[in-house]
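Tertiary structure, described
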Amino acid sequence: MIDQRALPARLEVVACQNASRVAEAIADMTVRGAPAIGVSAAFGLALAGLQSTAADVPAWRADLASAAETLISARPTAVNLAWAVHRILRVAEANLPLADLRERLLSEAQRMADEDVATNRRMAELGSALIQDGDTILHHCNTGALATVDWGTALGVIRMAHEQGKLIFVLVDETRPRLQGARLTAWELQQYGIPYAIISDGASGYFLRSGQAQKVFFGADRVAANGDVANKIGTYMLALAAHTNDVPVYSVVPSTTVDLSLANGDQIPIEERDADEVLGIQIKGESVVPTGAKARNPAFDVTPHSLLTAIVTEKGIVYPPFIENLARTLRAEN
Ligand code: MRU
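Residues numbered from 1 in each chain as written. Predicted model: local features only at pLDDT ≥ 70, side-chain atom pairs only at ≥ 80, totals over all residues. Heavy atoms only, no water.

1. Looking at the site of the ligand
The environment of the ligand is made up of 19 residues, and the closest members are Arg-32, Arg-75, Asp-221, Asn-231 and Lys-232. A distance of 2.8 Å separates an oxygen atom of the ligand from a polar side-chain atom of Gln-180. Between the ligand and Asn-231 there is a distance of 2.7 Å, counted from an oxygen atom to a side-chain nitrogen or oxygen. Elements supplying a minimum of two residues to the shell around the ligand: α2 (34-51) and β6 (229-232). By residue class, the composition of the shell around the ligand is seven nonpolar, eight polar and four charged. (Near = heavy atom within 4 Å. Polar contact = N/O pair within 3.5 Å; in protein donor to acceptor, adjacent residues only side chain to side chain. Helix = DSSP H or I, 4+ residues; strand = E, 2+ residues; numbered from the N terminus. Nonpolar A, V, L, I, M, F, W, Y, C, P; charged D, E, K, R; others polar.)

Here it is as structure tokens:
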């Protein structure tokens with residue numbers, strides 16, 4: 001996997017040799033982004049299946065269950081993680097000899113990786129119809145190829161609009177405290193030749209109120225049945241400012257990010273990460289906070305569905321009322 005902590009300074013690839021190492025890479029955000037951590041966990045569990053020294057299938061499944069727990073507990077908010085692990089565990093239930101089961105896990109993980117790319121392309125095709133020539137789009141966090149297996153969710157939509165020849169401009173929220181926007185989205189936009197400017201998160205209200213952004217696009221880590229969306233911290237403030245200023249707000253999510261088992265966003269677990277991510281920022285080699293300063297660091301927030309214009313999925317663009325239309329769209333056969 002690409003070590004996302006090293007970008008944009010260095011493009012480094014790290015190899016994870018076992019499931020615990022994959023779980024570590026997810027927890028320390030070597031790999032990040034809901035679909036990317038889901039598929040990484042799937043490969044991690046497939047590795048556990050290949051490496052288990054169990055002599056029979058029940059003992060092998062017990063090894064898998066323990067690796068599954070380690071992987072799922074790496075990060076709590078993105079439902080893609082548990083979804084991916086459970087999909088691999090279901091394959092492990094097949095009535096087959098051990099050697100075949102080991103192979104099946106690996107091919108299932110590869111299928112999930114391929115599906116993720118196809119899903120993202122489909123969302124990009126659908127979602128790009130929402131972008132007009134000349135639009136300036138405000139984007140939060142990183143939702144591009146780095147956050148997925150390839151192509152991206154919200155950034156994939158933006159990239160498709162650019163490839164269609166639409167002249168667009170992206171305002172990139174820097175996305176404190178880990179700066180996924182400034183470090184990763186800006187780096188990706190540069191690769192794609194899409195013009196952009198990084199803005200501090202607090203500047204988004206200014207751009208929205210002064211009519212300098214026509215659309216807001218972001219991804220999600222988990223979407224509840226009523227359309228409430230958990231995404232990177234700061235998304236809620238952005239959506240509030242956009243809604244107040246009549247700027248359309250779009251969340252782009254593969255169906256693997258939707259959790260219909262949760263009635264609303266209040267039930268989505270919100271990860272709180274180490275305070276050092278907030279306190280450790282240095283300018284010219286010096287800490288910006290007083291010694292001994294305290295911090296709180298929720299990594300995600302919930303944007304109520306009432307602030308969203310639409311949710312773009314690979315099965316269609318879903319408009320309110322989300323409580324009815326989300327489940328119906330996702331259950332429809334394509
Ligand atoms: O903490 P991160 O960087 O993993 O958070 C990622 C996000 O919040 C993304 O917006 C989300 O995963 C959707 S990207 C496909």
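2. Quick look at the sheet that holds strand β12 (residues 310-313)
Read from one edge to the other, the open sheet built from seven strands follows the order β3-β2-β1-β4-β7-β12-β13, with strand pairing classed as mixed. Edge positions in the sheet fall to β3 (196-199) and β13 (316-318), since each of these pairs with one other strand and no more. Sheet twist, expressed as the mean angle between neighbouring strand axes with direction ignored, is 25°. Sheet topology note: the strand β4 (residues 215-218)/strand β7 (residues 249-252) ladder contains three bridges and is parallel. Within β7, the residue paired with Phe-217 across the bridge is Tyr-250. Helix-sheet contacts for helix α5 (residues 98-127) involve β7, β12 and β13, and the interaxial angle to β12 is about 140°. (Pairing = 2+ DSSP bridges. Axes fitted to C-alpha atoms, helices over the stretch in contact; angles between N-to-C directions. Contact = heavy atoms within 4.5 Å.)

3. A few points about the UniProt feature "binding site: substrate" (unreviewed entry) in the protein chain
Feature annotation in UniProt places "binding site: substrate" (unreviewed entry) on Arg-32, Gly-33, Ala-34, Arg-75, Gln-180, Asn-231 and Lys-232, given in this structure's numbering. In this fold, Arg-75 is placed in the loop between α3 (57-72) and α4 (79-91). Its relative accessible area of 7% is what places Arg-75 among the buried residues. Those residues within four positions of Arg-75 in sequence are excluded, and the remaining contacts are Ile-26, Ala-27, Met-29, Arg-32, Ile-37, Leu-81, Lys-232, Glu-271, Arg-273, Ala-299 and Phe-300. Relative to the helices and strands, Lys-232 resides in strand β6. Apart from the residues lying within four places of it in its own chain, the contact partners of Lys-232 are Arg-75, His-140, Cys-141, Thr-175, Gln-180, Asp-221, Ala-299, Phe-300 and Asp-301. (UniProt positions renumbered as here; feature names shortened; annotations may be inferred. Buried < 20%, exposed > 50% of the residue type's maximum accessible area, 1.4 Å probe, protein only.)

4. Considerations on the packing of aromatic side chains
Scanning all chains against the criterion turns up two aromatic pairs. Centroid distance Tyr-206 to Phe-207: 5.0 Å. Interplanar angle 75°. Geometry classified as edge-to-face. Overall, the relative accessible area of 15% leaves Phe-207 in the buried class. Between Phe-217 and Tyr-250, the aromatic rings sit 5.0 Å apart at their centres with planes inclined by 35°, giving tilted as the arrangement. (Phe/Tyr/Trp six-rings, centres within 6.5 Å; stacked < 30°, edge-to-face > 60°.)

5. So, the sheet that holds strand β11 (residues 300-303)
With mixed pairing, the four strands of this open sheet are ordered in space as β8-β5-β6-β11. What marks the edges here is a single partner per strand, and that holds for β8 (258-259) and β11. Two elements, strand β5 (residues 222-224) and β8, share two bridges in a ladder whose sense is parallel. Residue pairing in the sheet places Ala-224 in a bridge with Asp-259 of β8.

6. Looking at the environment of Arg-176
Examined against the element boundaries, Arg-176 turns out to sit in the loop between β2 (169-173) and α7 (180-192). Accessibility expressed as a relative area gives 41% for Arg-176, which makes it partly exposed. Residues Arg-176 and Ser-52 lie 124 residues apart in sequence; the distance between their C-alpha atoms is 40 Å. Beyond its immediate chain neighbours, meaning those up to four positions away, Arg-176 contacts Asp-201, Ile-233 and Ile-281. Polar side-chain contacts of Arg-176 include one of 3.1 Å to the side chain of Glu-174.

7. Things to note about the domain arrangement of the protein chain
Each domain of the protein chain was delimited in the assignment, giving domain 1 (19-121) and domain 2 (126-331). The distance between the C-alpha centroids of domain 1 and domain 2 comes to 27 Å. Between domain 1 and domain 2, the buried area comes to about 2,200 Å², and carbon and sulfur atoms account for 56% of it. Seen at the junction of domain 1 and domain 2, the total is one salt bridge. Taking the shortest distance from any N to any O, the salt bridge between Glu-271 and Arg-75 comes out at 2.9 Å. At the boundary of domain 1 and domain 2, one finds 13 residue pairs in polar contact (both at pLDDT 80 or more). Elements supplying a minimum of two residues to the side of domain 1 that touches domain 2: α2, α4 and α5. Residue contributions to the side of domain 1 that touches domain 2 peak at six residues, all from α5. Here the side of domain 1 that touches domain 2 is built from residues that sort into 12 nonpolar, five polar and five charged. (Domains from an automatic or database assignment. Buried area = accessible area lost by both parts, 1.4 Å probe. Salt bridge = Lys/Arg side-chain N within 4 Å of Asp/Glu carboxyl O.)

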